[in-house]
Amino acid sequence: MVADLILEMRDITKTFPGVKALEHVSLEVAPAQVHAICGENGAGKSTLIKILAGIYPHGSYDGEIVYEGTPTAFKDIRASESAGIVVIHQELALIPQLSIAENIFLGNEQATRGVISWSETTRHARELLQRVGLAEKPDARVADLGVGKQQLVEIAKALSKKVKLLILDEPTAALNEEDSQKLLGLILELKRGGIASILISHKLNEVAQVADAITILRDGKTIETIPVPTRGAVDEDRIIRGMVGRQLEHRFPQRTSAPGEVLLTVKNWTVHHPIDQTRKVVDDVSLTVRRGEIVGLAGLMGAGRTELGMSIFGRSYGTHISGQVFMGDVEVTPRTVPDAIKAGIAYVSEDRKKYGLHLTETITRNVTLAALDKVSQRTVVSDREEAVNAERYRKSMNIKAPSVASIVGKLSGGNQQKVVLSKWMFADPDLLIVDEPTRGIDIGAKSEIYSILNELAAAGKAVLFISSELPELMGVCDRIYVLSAGRLTGEVGREQANEETLMRYMTMNRG
Amino acid sequence: MDVLRTAFRKNIRQSGMLVALAVIVILFQVLTEGKTLRPGNVSNVIQQNGYILILAIGMMIVIIAGHIDLSIGSIAGFTGAVAAQLMVNRDVPWVLAVLLCLLLGAVIGAWQGFWIAYIGIPSFIVTLASMLAFRGATITTLSGTSIGRLPSEFRQKTTQFLPGDDWGIGGELHDLTLIIGAVLALVAVYTQVRDRQVHTKYGGEALPLPWFVVKCAAIAAAILAFTWLLAKASGFPVVLIILAALLMAYGFTMQRTILGRHIYAVGGNAPAARLSGVKSQRVSFLVFVNMGILSALAGLLITARLNSAVATAGTNFELEAIAAAFIGGASASGGVGTVFGAVVGGSVMAVISNGLSLEGVEVGKQQMIKGALLLFAVAFDVYNKKKVGA
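Starting from 1, residues in each chain are numbered consecutively following that chain's sequence as written. The order in which chains are written sets their letters, starting at A; the order in which ligands are written sets their numbers, starting at 1. In keeping with the model being predicted, local features are shown solely for residues with a pLDDT of at least 70 and side-chain atom pairs are shown and tallied solely at 80 or more, while totals for entire chains, interfaces and linings include all residues.

### Quick look at the overall build of chain A
Right, on to step 1. The helix and strand tally for chain A stands at 17 helices and 24 strands.
Right, on to step 2. The C-alpha radius of gyration computed for chain A amounts to 25 Å, which stays within 12% of the reference 24 Å derived for 511 residues, consistent with globular compactness.
Right, on to step 3. Viewed in the frame of its principal axes, chain A has a C-alpha envelope of about 70 × 45 × 45 Å.
Right, on to step 4. Burial in this document is a count-based property: other C-beta atoms within 10 Å of a residue's C-beta are tallied, and the residue is buried at 20 or more, exposed at 12 or fewer, or partly exposed in between, with C-beta positions derived from the backbone. Here chain A holds 511 residues, and the buried ones make up 50% of them. A run of DSSP states H or I qualifies as a helix once it reaches four residues; a run of E qualifies as a strand once it reaches two. Both are numbered from the N-terminal end. Put simply, the radius of gyration uses C-alpha atoms, and a globule should come to 2.2 Å times the residue count raised to 0.38.

Next comes the structure, spelled out in structure tokens:
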């Protein structure tokens, strides 16, 4: 046994139906080390953490986890937490209506025989708040705190559980510069107190600033672990090279692009957050898409890509939206989804289960939903017509299902995605905004989706392609716009596009 | 047998309930030594429960759309009271009074739909408020007493039987009823055949032809036997005609029109429906307007049947309708169910109450049994869904 490691994950392999999320991934964390995990979206970071935390219980994956020198088999979060492993997720798990102290000891109440001792609770909370450097009263309501302070409450909560290994998933994503620095300082402080941390972050400058070692994941595999002997020995460029340094495979169908006239023009588009109405989620974005063109939209999580797409699609997202949308020479600026559909715009959501499909319904009923009037006469739906059309798409899109009467919830992810695409192709839009259409589906189905997009473009449609996978953007798109923190930071043609350039634009003007 | 099993499993909730209904009928037929299927009793069960089945149709649609309506009993009571006031104390012609009351139901439904669909208040709250308010309004309208002696024409037209007994076709049997039965059987078989055509062409697996013929024969036989029983009694009750017409109209609307599809879509996945261009607010609004109209209809029928408007009329109707919908295959999360299922669910409850009454079981025990039935029907559904993995 290697005694000088607090955690060793060996040969972890995790498969979801149709997708291999992790393949022989290994991770070694030394005591009191800050270990960063870097990788593109979908590289497998979150899956790895969920395995470590027991969210995917022992037995649902292959491989071995050795923690503090003994093999472990966590069956749920409680088991991993009682061993001292605490995960702080990107979406904070605090209850806004409760006080700081109540949140810290939630599920771990300071009580004797079921009766909570509020004096104990307050005293302990005060100690913990002092340790994390948060100058708030323990009885303050969490809802009244900013995101930065809430993050500190989360860490205090972790400390109350006698944490030995703290895992932070994108802890600074929603924080401003000052709060981020404070948080990173705290991580180093905890390290001096003997607590090891695993830090997942897209902000490479921060990683370079605090990490003692950096493990890079790509496509569910460990690429390398870069040791950081002294601060600043590894810079961002070195990390980016690891994250993207792959050969482009021949996964992308050939296409000859023949861009026609400009179809979509977006001018000075600004969108505010629906709850935090002072925050600009999309900030003064202008772009164009021509007929016959596939235009990519790159950006890290939270860059505002989905928000841009949905707000154009009949204000499906955000408040205080300003700017103009033109289709050809005509200003449309749709205010509702039916308006947008009438103007010839379609939006295929990144979350197909939540926003794209009726999982308990048949393929037929899903395919025709957005354009029922095309199979109806005087509002009476013809089920024959409907079935004929659905069947046409089942064949042309190669949806693998026994029949169009199959329930969509039982199809694989790739086939579900094809059903959503069929729905919008049936609505026959001029512009198709596709948001992460290949997320969570296997390589074969991905390639089919690319071919479908190519055919749409060849038929004179315009496609705006939102994706987190840079290789796919570079393989499919004629041009790529890059968003960072709601702003357009770059526009790259097919020839100039490479991952280093895109990654640089993507991380521009972030904290 | 495998084909049968898969076919059965596919619509287990609905066909299962239909089978359960048949089993329950036979069970009580044996237990009551033949009293259950006596013509007079069948006719009676329909007269007693017709309005609940009508409400169950509306409630099923509300639940499919992802909402709930607790107010229908109070609205039925209120519209019944208004109808009695108009007809008895204001001498309004009964046809006009009926139309006014249906309009009143629509307006009340629109009021609720406005708060639910456009303001975004949960339907539970809005309809709970109406439940309290309109029960109060009923008492006020009746000035604390009851209004009796409604116009006899109004009562006859809504609670009696269809004419057409002596056309010389069926001897002692009620002639028009026999004809209606034959027509209904034909319509039912035709829809089955039509469904099967579309299904075999694009739906893949369908019941093999011999089994399909057996199924059609069973359906036709059931309808004919049922109408024969009615024909032996006094004939076709008006309430059953109303119910059958509503069942066909709403069944068609829910399955075959754009509005129906949109209701399923909104209830099944509201965000996805919205992003598909469905005007979900309008859909929810219309669902409540419709429920208001059906509540008023039920109110009129119960008033005519009781021959008086009383302050407690319609009490617990909402609970019976909700139970009927859930027993008949509705899902608490919305988007699932059929109006036919609601009628089957309502019939199951009606037959059980009737059977227990014939057996002399007291009302308290009847309620306990109905409660258990509701719980187990839904538990069975949840268990079944888990097993299928849908």
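### A look at the environment of M248 of chain B
Residue and element names in this part refer to chain B.
Right, on to step 1. In this structure, M248 sits in helix 10 (residues 238-256).
Right, on to step 2. Judged by C-beta crowding, with 15 C-beta atoms within 10 Å, M248 ranks as partly exposed.
Right, on to step 3. Each C-alpha atom of the pair M248 and V198 lies 20 Å from the other, and the pair is 50 residues apart in sequence.

### Focus: helix 8 (residues 236-244) of chain A
Residues and elements named next belong to chain A.
Right, on to step 1. Among the residues of helix 8, those classed as buried are I239, G242 and M243. Seen end-on, helix 8 carries its buried residues on one side only, within an arc spanning 100°.
Right, on to step 2. We call two residues in contact whenever the C-beta atoms placed from their backbones are within 7 Å. Those residues of helix 8 hidden inside the fold are in contact with strand 3 (34-38), helix 7 (204-210), strand 11 (213-218) and strand 12 (221-227). By arc we mean the arc of the directions from the helix axis to the C-beta atoms, nothing more.

### Focus on the packing of helix 4 (residues 72-89) of chain B against helix 14 (residues 317-327) of chain B
Packed helix pairs are specified by the crossing angle of their axes together with the interaxial distance, meaning the distance between the axes.
Residues and elements named next belong to chain B.
Right, on to step 1. Only the stretch in contact is used when a helix axis is fitted, and all axes are lines through C-alpha atoms; the angle between N-to-C directions ranges over 0 to 180 degrees. Running from N to C, helix 4 and helix 14 cross one another at 130°; their axes reach a closest spacing of 6 Å. It follows that helix 4 is oblique to helix 14 by the angle criterion. For the pair helix 4 and helix 14, contact is made by I72, G73 and A76 and by F317, E318 and A321, respectively.
Right, on to step 2. Following the grouping adopted for this structure description, the nonpolar residues are Ala, Val, Leu, Ile, Met, Phe, Trp, Tyr, Cys and Pro, the charged ones are Asp, Glu, Lys and Arg, and the polar ones are all others, Gly among them. Residue composition of the contact of helix 4 with helix 14, grouped by class: four nonpolar, one polar and one charged. Under this scheme an angle from 65 to 115 degrees is roughly perpendicular, one under 35 degrees roughly parallel, and one over 145 degrees roughly antiparallel; angles in between are oblique.

### Comments concerning the nonpolar core
Right, on to step 1. One nonpolar core equals one set of buried Ala, Val, Leu, Ile, Met, Phe, Trp, Tyr and Cys residues connected by C-beta atoms within 7 Å. Counting residues in hydrophobic clusters, the biggest one holds 195 residues, and the most contacted among them are F465 of chain A together with A56 of chain B.
Right, on to step 2. Residues within four places of F465 of chain A in sequence aside, it is in contact with I294, V295, G296, L297, V434, L453, L473, V476 and C477 of chain A.
Right, on to step 3. I100, L204, A208 and L217 of chain A belong to the second largest nonpolar core, which has 63 residues in total.

### A few points about the sheet that holds strand 13 (residues 262-272) of chain A
Residues and elements named next belong to chain A.
Right, on to step 1. Pairing is antiparallel in the open sheet, where four strands are placed in the order 14-13-16-17. Two strands lie at the open edges of the sheet, namely strand 14 (280-290) and strand 17 (330-331), each paired on one side alone.
Right, on to step 2. Strand pairing is assigned whenever DSSP identifies at least 2 bridges connecting the two strands. Examined bridge by bridge, strand 13 and strand 14 share seven bridges and lie antiparallel to one another. Bridge assignment links T265 to a residue of strand 14, and that residue is T288.
Right, on to step 3. On the sheet, helix 9 (residues 305-312) packs against strand 13, strand 14 and strand 16 (319-327) and is oriented at approximately 70° with respect to strand 14.

### A word on the pairing of strand 23 (residues 479-484) of chain A
All names here are of chain A.
Right, on to step 1. Most of strand 23 sits inside the fold, with six of its six residues counted as buried.
Right, on to step 2. Burial along strand 23 is two-sided: the face carrying R479, Y481 and L483 and the face carrying I480, V482 and S484 are both buried.
Right, on to step 3. Alignment of strand 15 (residues 294-298) against strand 23, held across four bridges, turns out to be parallel. For A298, the partnering residue across the bridge sits in strand 23 and is V482.
Right, on to step 4. Strand direction decides the pairing type here: strand 23 and strand 24 (residues 487-493), joined by six bridges, are antiparallel.

### Quick word on the interface of chain B and chain A
Interface size, as often reported, equals the accessible area lost upon joining of the parts.
Right, on to step 1. Every contact between the two is made by 24 residues of chain B and, on the other side, 33 residues of chain A.
Right, on to step 2. With five residues, helix 11 (residues 258-268) of chain B is the single largest residue contributor to the side of chain B that touches chain A.
Right, on to step 3. Looking at the side of chain B that touches chain A residue by residue, the classes come out as ten nonpolar, nine polar and five charged.

### Notes on unusual backbone geometry
Residues and elements named next belong to chain A.
Right, on to step 1. At R113, a position not held by glycine, the phi torsion is positive, near 45°.
Right, on to step 2. Examined against the element boundaries, R113 turns out to sit in the loop between strand 7 (111-112) and strand 8 (115-116).
Right, on to step 3. For R113, a count of 4 C-beta atoms within 10 Å gives the class exposed.
Right, on to step 4. Phi at K162 takes a positive value of approximately 55°, unusual for a residue other than glycine.

### Description of the pairing of strand 16 of chain A
Residue and element names in this part refer to chain A.
Right, on to step 1. In terms of strand pairing, strand 13 meets strand 16 through six bridges, oriented antiparallel. Its bridge partner being in strand 16, H272 is matched across the sheet by T319.
Right, on to step 2. Pairing between strand 16 and strand 17: two bridges, direction antiparallel. Its bridge partner being in strand 17, F326 is matched across the sheet by E331.
Right, on to step 3. Counting the residues in the hairpin turn of strand 16 and strand 17 gives two residues, including G328, whose phi is positive at 65°.

### A few points about helix 3 (residues 39-64) of chain B
Residue and element names in this part refer to chain B.
Right, on to step 1. By definition here, a helix of n residues has an expected span of 1.5 Å times n minus one. If you check helix 3, its first and last C-alpha atoms are 35 Å apart, about what 26 residues at 1.5 Å a residue would give, namely 38 Å.
Right, on to step 2. Along helix 3, 19 of the 26 residues are buried, which leaves the element largely enclosed by surrounding structure.
Right, on to step 3. Following helix 3 by one or two positions, G66 has its phi on the positive side, about 90°.

### Let's talk about the sheet that holds strand 23 of chain A
Paired through backbone hydrogen bonds, the strands of a sheet run either parallel or antiparallel to each other.
Residue and element names in this part refer to chain A.
Right, on to step 1. In spatial order, the strands read 18-21-22-15-23-24; together these six strands make up an open sheet with mixed pairing. Each of the sheet's edge strands pairs with one partner strand only, and the pair in question is strand 18 (345-348) and strand 24. This sheet shows a mean twist of 20° between the axes of neighbouring strands, independent of strand direction.

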